[in-house]
Every structure is written in structure tokens, then in C-alpha cells.
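# Residue-level structure breakdown
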Amino acid sequence: QKEVEQNSGPLSVPEGAIASLNCTYSDRGSQSFFWYRQYSGKSPELIMFIYSNGDKEDGRFTAQLNKASQYVSLLIRDSQPSDSATYLCAVPTSGGSYIPTFGRGTSLIVHP
Amino acid sequence: DTGVSQNPRHKITKRGQNVTFRCDPISEHNRLYWYRQTLGQGPEFLTYFQNEAQLEKSRLLSDRFSAERPKGSFSTLEIQRTEQGDSAMYLCASSLSTTAYEQYFGPGTRLTVT
């Protein structure tokens with residue numbers, strides 16, 4: 001059973017800072033990961049899908065995969081109050097269906 | 001609006017009653033997924049369809065839960081003999097099979113069992 005672990009937080013950062021969110025995973029063979037953002041009272045939305053070949057950058061978001069230590073990180077540069085949300089890390093289940101197994105999420109608060 | 005829609009948005013029911021939820025996916029998406037999310041947890045996968053075929057069911061899905069997608073478009077999730085532990089947000093998502101990693105979630109149906 002593939003699993004991911006996240007610190008529930010909250011992680012509090014000042015506006016303009018870099019927010020660093022971490023996720024550890026149990027299956028050393030995992031090669032791809034999801035990061036979803038979920039605003040309070042809303043449904044999750046995919047912000048990043050990363051495969052095994054290194055870092056991935058999309059705007060202010062960078063996902064980093066450290067296979068040796070079995071963790072994946074999401075960095076948010078120039079954090080804004082609108083980034084305040086719960087960030088869910090997930091790993092696809094086996095079999096190629098890309099069904100995510102989610103962690104419990106980390107709550108991020110960006111204060112002005 | 002061309003996103004995923006779910007109805008009803010809220011449902012309050014008494015223990016032992018049956019409930020049915022509906023999900024309308026993005027029109028060209030052939031995959032449809034059901035998840036359940038409780039407070040403080042990430043969504044848990046329940047089942048998914050490709051077109052009208054139900055391809056996978058979670059072991060979490062008890063016999064009281066059944067899902068259908070009869071014409072490969074909308075889907076229904078029925079819970080029979082509801083229990084208080086069924087109280088949760090039920091989320092539907094859809095995707096193309098060719099880009100299955102990119103799922104789009106609907107707003108969810110919040111179920112409260114009293």
C-alpha cells in the first residue's frame with residue numbers, strides 16, 4: 001500500500017517569503033507525485049504533477065523529488081495571502097490508473 | 001459552466017435511510033471517480049469508471065455503497081442504510097483516460113447522517 005505522510009501544520013509564513021511544504025512516502029519504487037491545493041470549503045485542485053526526473057517548476061511553484069530520502073517538497077516563492085490553503089501531497093496507486101492516495105494535507109497560512 | 005457538477009450540495013438524512021448522489025463530469029471526460037473526505041483528512045478513493053465500466057473499487061467501499069454510470073455520462077452513488085460514520089464530503093472528479101493524472105473535482109456533496 002503506497003502511503004504519504006504530511007505534517008498537518010499550520011505552517012505560517014510572512015507575505016513574500018518562500019513556503020516549503022514537505023511530504024514523505026513509504027514506497028521506494030514510487031516515481032510520480034501530485035500536489036493539490038484545497039481552499040477551505042472547496043474541492044482539491046491539481047497544481048503540480050511531478051515524475052521522477054528531477055525538479056519541476058511552474059510559475060511560483062517548484063516541486064522537488066528527493067528519492068534517496070523519500071520525500072517530495074513543494075516550494076512556493078513570493079507567498080501571497082491568497083496561497084493560504086491546505087496542500088495535499090499524493091502518490092498514484094499501482095496499475096497505471098493514476099488514482100491518487102492522498103496525505104492528510106498541510107495547512108499553510110500566509111500573513112500580510 | 002463546463003466544470004464537474006454534483007447534486008445535491010448538501011444532504012441531511014437519518015440513520016438507516018438510503019441516499020443517492022449525482023455527478024455530471026466534464027462533457028468530454030471518459031473517466032469518472034468518486035472520493036470521500038472527512039474533516040482533517042485527504043480524500044479517499046472509492047471507485048472509478050471508464051465510460052460505463054466500473055474498473056476499480058476500493059476495499060473501503062462496503063456492500064452498502066453502489067455506484068453506476070449507465071450511459072457513460074453522469075454517475076450516481078447510492079448509500080443504503082446510512083450510518084453516522086458515513087457523514088463526509090463525497091467528491092466526484094473526472095478526467096480523460098489519456099491524461100488521467102489530471103483530475104478535475106466537483107464541489108462535492110456534504111452528507112450528514114443524524
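In what follows, the accompanying structure is described.

Conventions adopted
All residue numbers refer to position in the chain's written sequence, counted from 1. Each chain is given a letter, starting from A, and each ligand a number, starting from 1, according to the order in which they appear as written. Confidence filtering applies because this is a predicted model: local features only for residues at pLDDT of at least 70, side-chain atom pairs given and counted only at 80 or more, and all residues used for totals across whole chains, interfaces and linings. As a convention, hydrogens and water are excluded, and side-chain values are obtained from all of the structure's heavy atoms. Throughout, disulfides are identified as pairs of cysteine sulfur atoms within 2.5 Å of each other. A run of H or I in DSSP becomes a helix once it reaches four residues, and a run of E becomes a strand once it reaches two; helices and strands are each numbered from the N terminus. Throughout, exposure labels follow a simple rule: accessible area from a 1.4 Å probe, protein chains only, divided by the maximum for the residue type, with under 20% read as buried, over 50% as exposed, and the rest as partly exposed. Any Lys or Arg side-chain nitrogen located within 4 Å of an Asp or Glu carboxyl oxygen qualifies as a salt bridge.

## A look at the state of the cysteines
Following the criterion strictly, the structure yields two disulfides over all chains and no others. At a sulfur-sulfur separation of 2.1 Å, the disulfide partner of C23 of chain A is C89 of chain A. On the sign convention where negative means left-handed, the S-S torsion of about -65 degrees between C23 of chain A and C89 of chain A marks this disulfide as left-handed. Of the two residues, C23 of chain A is situated in strand β3 (residues 19-25) and C89 of chain A in strand β9 (residues 85-92); the sequence distance between them amounts to 66 residues. Pair check on accessibility: C23 of chain A and C89 of chain A agree, each one buried. The partner cysteine of C23 of chain B in its disulfide is C92 of chain B, sulfur to sulfur 1.8 Å. Looking along the S-S bond of the C23 of chain B-C92 of chain B disulfide, the torsion reads about -70 degrees, which is the left-handed sense. Placement of C23 of chain B in strand β3 (residues 19-24) and of C92 of chain B in strand β9 (residues 88-95) is noted, with a sequence separation of 69 residues between them. On the basis of relative accessible area, C23 of chain B is assigned to the buried category, the value being 0%. Accessibility expressed as a relative area gives 0% for C92 of chain B, which makes it buried.

## Here's the deal with the pattern of salt bridges
Tallied over the full model, the rule gives seven salt bridges over all chains. The salt bridge partner of R37 of chain A is E45 of chain A, with a shortest N-O separation of 3.2 Å. Judged by relative accessible area, R37 of chain A falls into the buried class, the value being 13%. Residue E45 of chain A is classed as partly exposed on the basis of its relative accessible area of 33%. Residue D24 of chain B is joined to R22 of chain B by a salt bridge in which the shortest nitrogen-to-oxygen separation is 2.7 Å. Using a relative accessible area of 21% as the deciding quantity, one classes D24 of chain B as partly exposed. Classification of R22 of chain B as partly exposed rests on a relative accessible area of 35%.

Purely geometric numbers; function is a separate question.
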